[in-house]
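# Structural overview for review
Residues per chain, in single letters:
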Amino acid sequence: MTAAADWTGKVGDTWAREWQRTEQSFVDLEQALARAILSVTPTSGQFLDLGCGVGTTAAGIAAARPDATVTGIDLSPALVATAQARHTAANLRFVAGDALGGSVDQPLDLIFSRHGVMFFADPVAAFTHLRARCSAGAPLVFSCFRARRHNAWAAELGAATGQPIDDDRAYTPGPFAFADRDFVADLLARAGWQGASAATVDFDYVAGTGADDAAALADALAFFTRIGPAAAAIRACSDHARAELLERIGTRLARYARHGRVAMPASAWIWTARA
Ligand SMILES: C[S@@+](CC[C@H](N)C(=O)[O-])C[C@H]1O[C@@H](n2cnc3c(N)ncnc32)[C@H](O)[C@@H]1O
């Protein structure tokens, strides 16, 4: 489970330190998501990137819609500081805070998010609140992971660390909380969003890169030691057990190392709906 409180502290700080690697892992997904967002984005208005991280998606939409105002909001002050340092377009601003709080201008004419909406304690209440802050018909577009069995990167880490491969059905905030399409369709309908539909996007999750496969593998191991489902298990080990676990993970990752990249099969939903 990753809850809102985790993002304001240690988890957000780690993502901020590792931002080049997290960006690298999502580079394929970003292209598909940007296309989906722009296919429904008005030419002007107030747009919100919910859980903006270091601001890549917000910056892309701001550049494509110069007459709009884009606000990226994130719980993590460290991620927002990085976003502010990276992107300075006149129609773009970044705010540290809770998207369910009051620091965003309304009404919103578009809400989008790359993997930032799976962390609400009460998702129906959250999406109801977000809809109430939108203009009529405003689009909502977000990505989220499909189940671990469609995400080799997570399944491999799960197998190496002895964690269950698939998600149970009970909602727990976290990266795979929106894996079940029916669950998300139902919660969006209960929150009053209309015409919700989900498209599948298969992509390469780039866990590591380097001058050769060995360097890419080392990069991927460093990444997964700090971020993702194996990081806590690796941290919890004694020195000897950690070396064994890293060996097991490394053996699994090595199968995906090619041409200086560790690129692992991944799959997401891209949801679209209207307020
Ligand atoms: C998996 S990260 C994705 C970050 C970024 N969109 C990306 O793709 O790199 C999820 C982000 O959502 C943010 N987040 C979660 N709940 C939030 C909320 N209620 N308000 C603002 N940000 C939130 C977290 O702080 C975190 O940075």
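What counts and how
Residues numbered from 1 in each chain as written. Predicted model: local features only at pLDDT ≥ 70, side-chain atom pairs only at ≥ 80, totals over all residues. Heavy atoms only, no water. Near = heavy atom within 4 Å. Polar contact = N/O pair within 3.5 Å; in protein donor to acceptor, adjacent residues only side chain to side chain. Areas by Shrake-Rupley, 256 points an atom, 1.4 Å probe, with all protein chains shown as cover. Buried < 20%, exposed > 50% of the residue type's maximum accessible area, 1.4 Å probe, protein only. Helix = DSSP H or I, 4+ residues; strand = E, 2+ residues; numbered from the N terminus. Pairing = 2+ DSSP bridges. Right-handed = clockwise from strand over helix to strand, strands pointing away. Core = buried A, V, L, I, M, F, W, Y, C linked by side-chain atoms within 4.5 Å. Contact = heavy atoms within 4.5 Å. Axes fitted to C-alpha atoms, helices over the stretch in contact; angles between N-to-C directions. Parallel < 35°, antiparallel > 145°, perpendicular 65-115°, else oblique. Left-handed = near helix turned anticlockwise from the far one by under 90°. Lys, Arg positive; Asp, Glu negative; His and termini not counted. Salt bridge = Lys/Arg side-chain N within 4 Å of Asp/Glu carboxyl O. Phe/Tyr/Trp six-rings, centres within 6.5 Å; stacked < 30°, edge-to-face > 60°.

Here the focus is the site of the ligand. What surrounds the ligand is a group of 19 residues, the closest being Gly51, Asp74, Asp98, Ala99 and Arg114. Here an oxygen atom of the ligand and a side-chain polar atom of Asp74 are 2.6 Å apart. Note that a nitrogen atom of the ligand is positioned 3.3 Å from one of the backbone N or O atoms of Leu75. Relative to its free-state accessible area of 590 Å², the ligand is covered by the protein chains to the extent of 96%.

The next subject is the pairing of strand β2 (residues 68–74). A large share of β2 lies buried, amounting to six of its seven residues. One ladder, built from six bridges, connects strand β1 (residues 45–50) with β2; its direction is parallel. Residue pairing across strands places Leu50 opposite Ile73, the latter belonging to β2. Regarding topology, helix α5 (residues 56–64) serves as the crossover connection from β1 to the parallel β2, and that connection is right-handed. Looking at chain direction, β2 and strand β3 (residues 92–96) are connected through five bridges and run parallel. What sits directly across from Thr71, in β3, is Arg93.

Turning our eyes to something else, we now look at the nonpolar core. Counting residues in hydrophobic clusters, the biggest one holds 52 residues, and the most contacted among them are Trp153, Tyr205, Phe224 and Val262. Setting aside its immediate chain neighbours within four residues, Tyr205 contacts Ser25, Phe26, Phe145, Trp153, Phe223, Phe224, Val262, Ala263, Met264 and Ala266. Formed by 33 residues, the second largest nonpolar core is a distinct cluster that contains Val104, Leu108, Phe120 and Ala177.

When you line up the elements, Gly250 lands in helix α12 (residues 239–254). Judged by relative accessible area, Gly250 falls into the buried class, the value being 11%. Distance from Gly250 to Ala268, taken between C-alpha atoms, is 24 Å for residues 18 residues apart in sequence. Apart from the residues lying within four places of it in its own chain, the contact partners of Gly250 are Leu217 and Leu221.

Okay, the packing of helix α10 (residues 213–226) against α12 next. For the pair α10 and α12, the least separation of the axes is 10 Å and the interaxial angle reads 125°. On the basis of the axis angle, α10 is oblique to α12. Crossing hand, α10 versus α12: right-handed. The segment α10 lies against α12, with Leu217, Ala220, Leu221, Phe224 and Thr225 engaging Leu246, Ile249, Gly250, Leu253 and Ala254.

Looking now at the side chain of Asp109. Here Asp109 lies in the loop between β3 and β4 (110–114). Despite being buried, Asp109 has no salt bridge partner; Arg274 is the closest side chain of opposite charge, sitting 9.7 Å away. Only 2.8 Å separates the side chain of Asp109 from the side chain of Ser135, close enough to count as a polar contact. With residues near it in sequence (within four places) discarded, Asp109 still touches Pro42, Gly45, Gln46, Phe47, Ser135, Ala138 and Pro139.

Inspection of every chain in the model, using the stated rule, returns 20 aromatic pairs. Between the aromatic rings of Trp7 and Phe119, the centroid separation amounts to 5.3 Å while the plane-to-plane angle is 80°, which identifies the pairing as edge-to-face. Residue Trp7 is located in helix α1 (residues 4–8), and its partner Phe119 is located in the loop between β4 and α7 (123–132); the two are separated by 112 residues in the primary sequence. When sorted by exposure, Trp7 lands in the same class as Phe119, which is buried. Ring plane angle 5° and centroid distance 4.4 Å describe the contact between Trp153 and Tyr205, whose orientation is recorded as stacked. Placement of the pair is Trp153 in helix α8 (residues 152–161) and Tyr205 in strand β6 (residues 194–209), with a sequence separation of 52 residues. Using a relative accessible area of 5% as the deciding quantity, one classes Tyr205 as buried.

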